[in-house]
Structures are given as structure tokens and as C-alpha cells.
Amino acid sequence: MPNRAFFKNIDSILLFSLAGTVWNCFAIGGSLWFLSTYGIFSVNFSTFEILIFAALVSASDPVAIIVVFEEIHVTEFLFINVFGEALFNDAISVVLYNMFISFVSQDPSSLSLWDYTSRGLSFFVVALGGVTIGVIFAFITSLATKYTHDVKIVAPVLIFLIPYMAYLTAEMVSFSAIIAIAVCGMVMKQYVKGNITDSAANSVKYITKIISQSSEIVIYMFLGLSTVSADHYFDLPFTLAAVFFTLFYRTIGVVVQCSFLNKYRSEKFRAADQFILAYGGLKGAIAYGLVVSIPAAVAAKPMFITTTIAIIYFNVFIQGITIRPLINLLKIKTEEEKSEKMVESVYNKYMDYMMQGVEEIAGQKGHYSLIGRFERFNAKVLKPIFMRHEKRQNIDFTSVIRSYERSILEDAVKLAKMKSILNNQQEIHRSQNIHLDEFLQPGENMEQLYLLFGEFLEKRKRMEKSIEEEKDIQDDYLTEVNAHSTANFGQHLQEIEMKEMENKKNDEELDV
């Protein structure tokens, strides 16, 4: 499981697994109970008995989902949301199942408001207790592999033994064993892989593959054998209603939850993604394991077993077989067809650092700020404790903020210099206008101007007179003088216009 993608989508995963499972459980159970009041079904059941059945059919099977999604290569965004939901809604379903089992063993008339409240609060205690046990045993595994590095054969044994002890411990104290072992695996991934050799890591990888494949074969073999060997009670209306309600309420839940998430997420759930989320909620071994564990005192147990097997067959064969053609029909992008591949984990890490800097600049504390705090705590405290060759590090994420502040200061200095230059040019322009205005004022300056024009006219007359006396060069000389004067006057006029345009532009920039 990609841990970074998992925690990046933790909000949607928890919403789907927690709110979605609770919604499916009570919606399916309430609908079936409502139909039973009209005598449609041949077997009667109580409210808590039908809620037991609704809780177990609300669990999505991660094994079936992994097989199907790895076959069709869906995007990591879809994969982690569906797989994360299936992983944790199994645990939520088991918690709900155990809670309703405890209600069945008691007389409904003797139950008080405190009983219902305490069972509801125990729902969160059981889940959080499983998380705590998983983290504790993950740390134990990390320390054990850290100090047994020289004994290569011990590390693989500890990696399998200690997490299984976490599962048994959680089961013994009535916490969620599935959550315990799942969290234990996620935390171990952070530290254990750095403590073991490559050969030990390969051994763990292939042993895990062998055990998982063997377990799946055994589970589905028992599922097939129970179809022909177990005692069944087939109620067609109940089976059809259960299949319909599981699909109907899951679709409604996915659409409502995705519409809520799309308001607050940058990566949206498109209509095609919502279809895959709703259609990919396959049932499997968890539902079968829970239904055969229902106490024999429940009269409707044979009907529940038959209906659960029918739902599993419908999900695995009908939905599992048709999901790939539907993806091709809807032209949903898969990992192989994406034009832009998933970036590497190191690049993702630096992207997280950059986004954390953006959040700091914006003055907000969001998802990336929490990642940054955990990274600092992890590098400074946890890694030196649980990993070999890891020293205490002080990760500085504020370099982005300092770079931003430095660039802002540089821009401010450039702007100040530009403003100073523009102010000087404007002052010079204003001073020139003032001198010209003073020069044009009536008084001695005007008399000097008249004298200058008089001298100019006298020189012009003398020039014209000399030109008339030298008639042999008049045409060529006047043509040359006029051409030269016109060129100089045009160039001078062009320079004046360019200066005026430049001054006007500077004034506009100054105003801006």
C-alpha cells in the first residue's frame, strides 16, 4: 500500500469507510426490516438480527478489489480510495457486528438509553484501541529488527510473528484486530525496511505472496464447499431485496459523499470515478466469515448464510467480470493510458515541502503543515530510535519562506530604485518647464528674445543677399542647404517626440 497516497487521501478514506459503512448498515437493515413488517419474507427476525446481517454485507473485500484493480491498472487515486475504504470498513463492519451481537444476547426491554450510548461510544474505543495496539507492536518490531540485524534469519520471523501477536492481542481485549494489524503494517513500513538486509526483505516479500495466495485459495475453497454442503434456506424475495439494497444504498452513499468532498478537495471525484467507487464495492471473505460466526440462537442464520453467499457470487462474478468492459466503455483513464505518469516518491516529498511553504506564506495550517510537523518529529525523534544508522536530524522547512522573503525584498529594492529614478526624471522635467516658463514671462527676458530674433533676421537677410550675388552656385547650394536643414530638423523633431513619449511613459508607470 502506498503510504504517502494513503495519508494524502485520508479524509476521503475515513469518510467512505466510517460514514459510508454506518450509512449502508442502517439503510440496508432499516429497509429490510420495513419490508418484513408486510410479511414479504418467510422468516421473521428482530431489529438487531437484521442489523447484524446489514453490518456484515456492508463490508467490502479488499482482496477481490486488489485483484480486479491490479488487473485493469486503475489510477493510484482511485486505487487508494477504494482499497483504503475496503481495508478500514472491514474493521468498522466487524465493530458494528460485535456491537449488535451484544444487543441480541440481551432482552430488548431491559436496554436503557445508557446501554445504547455506551455501545455507540465503544464503537470509537474499539477502533482507537486497535490503532494504539498496532502502533505499539510496530515499534516493538522496529526495535527487534534494529538489534537483531546480525542474525539474518531472525528478522523475517519477527516481521511475521510480532504483527500476528498484535492481531491476537487486539482480539483478546475486544479491540479491532483488523485495524490493529493494518496500522501495524503501515507503521512498520516506515522503519523496518531500513533495519533488514535486502535478502531478508526479499524473503519477507515472497513469503507474504505465498501466504496470501494460499489463504485466498483456502477461503474461497471453503466458500465453494459451503455452497453445496452447508444447510441453506433460500428466500428469493429476501435475496433479491438484499442484492438490490446493497447496490442502491452504496451508490447513493458514494454520490453524496463525493459531492461533499468535491467542495473541499483540489482533486475532484469525477462521475466516472464515482461509478467505479460504487461498482467496486465487492463482498468477499469478511462477509462470509462473519455470517458463519452468527450465534446459532439466531433463527434466521441459514437464510443469512444463503443470501450472503448469493451476494458474494453476484459481486465477484457479475460485477468483477463486467468492471473492466465498463471501464473501457466509459473510457476511464488507467495508469497505463495516462499521459502524465505518477511522479516519483522523492519528487512528491519535495512537492509536499513546497506546499507546506505556500501554506506558511498564506498563514494557513492545512494538510501539508501536518505532514511537515510529522516529518520533523520523525527525523528528530522516531527514526534515531527505531532505525539503524539514523542520526538525529533537524529538518528545516522554512527555507521556502526565507526564499520567498528574499525575493520579496529584492523586488522591493528594485521598485524603490525605479521609483527614485522616475522621481529624478520627473523633477528634471519639471525644472525644465519652470525655466522655460520663467524665460517666457514678460520683462527683460522677452527683450532678450526680441534681440535674438532680430539678429537672426539680419543674418538671414545677409545670407539671402550673398546667395543672390553668387547665382552660379545658387541652385546647388540652396538645394544642399535645404536638404541638410530639413534632415537636421526632422531628426531633431523625432528626438523631441521620442523624449516626450518616454517622459509620458515614465509618468504613467509612476502613477501605477
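Residues numbered from 1 in each chain as written. Predicted model: local features only at pLDDT ≥ 70, side-chain atom pairs only at ≥ 80, totals over all residues. Heavy atoms only, no water.

The name given to the protein in an unreviewed UniProt entry is Sodium/hydrogen exchanger, and the organism recorded there is Caenorhabditis brenneri. Its UniProt record gives the protein a comment under Subcellular location (unreviewed entry), which states: "Membrane". (UniProt positions renumbered as here; feature names shortened; annotations may be inferred.)

Describing the packing of helix α10 (residues 236–261) against helix α11 (residues 271–279)
Viewed as axis vectors pointing N to C, α10 and α11 meet at an angle of 140°, and their least axial separation amounts to 9 Å. Taken as axis vectors, α10 and α11 run oblique relative to one another. For the element pair α10 and α11, the recorded crossing hand is right-handed. In this structure, α10 contributes R250, T251, V254, V255 and C258 to the contact, and α11 contributes Q274, L277 and A278. Here the contact of α10 with α11 is built from residues that sort into 5 nonpolar, 2 polar and 1 charged. (Axes fitted to C-alpha atoms, helices over the stretch in contact; angles between N-to-C directions. Helix = DSSP H or I, 4+ residues; strand = E, 2+ residues; numbered from the N terminus. Parallel < 35°, antiparallel > 145°, perpendicular 65-115°, else oblique. Left-handed = near helix turned anticlockwise from the far one by under 90°. Contact = heavy atoms within 4.5 Å. Nonpolar A, V, L, I, M, F, W, Y, C, P; charged D, E, K, R; others polar.)

Some remarks on the nonpolar core
In terms of nonpolar packing, the biggest core is built from 48 residues, with L32, F53, L56, F100, F238 and F304 touching the most fellow members. Those residues within four positions of F238 in sequence are excluded, and the remaining contacts are L32, F41, F45, I50, F53, M303, F304 and T307. Counting residues in hydrophobic clusters, the runner-up holds 34 residues, among them I80, A127, I162 and A166. (Core = buried A, V, L, I, M, F, W, Y, C linked by side-chain atoms within 4.5 Å. Buried < 20%, exposed > 50% of the residue type's maximum accessible area, 1.4 Å probe, protein only.)

What about unusual backbone geometry?
In this structure, S174 takes a positive phi of about 65° despite not being glycine. As for its position among the elements, S174 is in the loop between α7 (154–172) and α8 (177–191). Looking at S174, the relative accessible area reads 55%, which means it is exposed.

Side note on the packing of helix α5 (residues 76–104) against α11
If you want to describe how two helices pack, look at the angle between their axes and the distance between the axes. Here α5 crosses α11 at 35°, and the two axes come no closer than 10 Å. When the axes of α5 and α11 are compared, the crossing they make is right-handed. Touching F77, L78, N81 and V82 of α5 are D273, I276 and L277, all from α11.

Some details on the environment of L247
The topology assignment puts L247 in helix α10. When the C-alpha atoms of L247 and A278 are compared, they prove to be 7.7 Å apart, with 31 residues separating the residues in sequence. Apart from residues lying up to four places away in sequence, L247 is in contact with F314 and Q319.

Things to note about a positive patch on the surface
Taken together, the side chains of K189, K193, K205 and K209 define a basic patch exposed on the protein surface. Examined against the element boundaries, K205 turns out to sit in helix α9 (residues 198–229). Judged by relative accessible area, which is 49%, K205 ranks as partly exposed. (Patch = residues over 30% accessible without salt bridge, like charges linked within 9 Å, V, L, I, M, F, W, Y side chains within 5 Å. Areas by Shrake-Rupley, 256 points an atom, 1.4 Å probe, with all protein chains shown as cover. Salt bridge = Lys/Arg side-chain N within 4 Å of Asp/Glu carboxyl O. Lys, Arg positive; Asp, Glu negative; His and termini not counted. Charge placed at Lys NZ, Arg CZ, Asp CG, Glu CD.)

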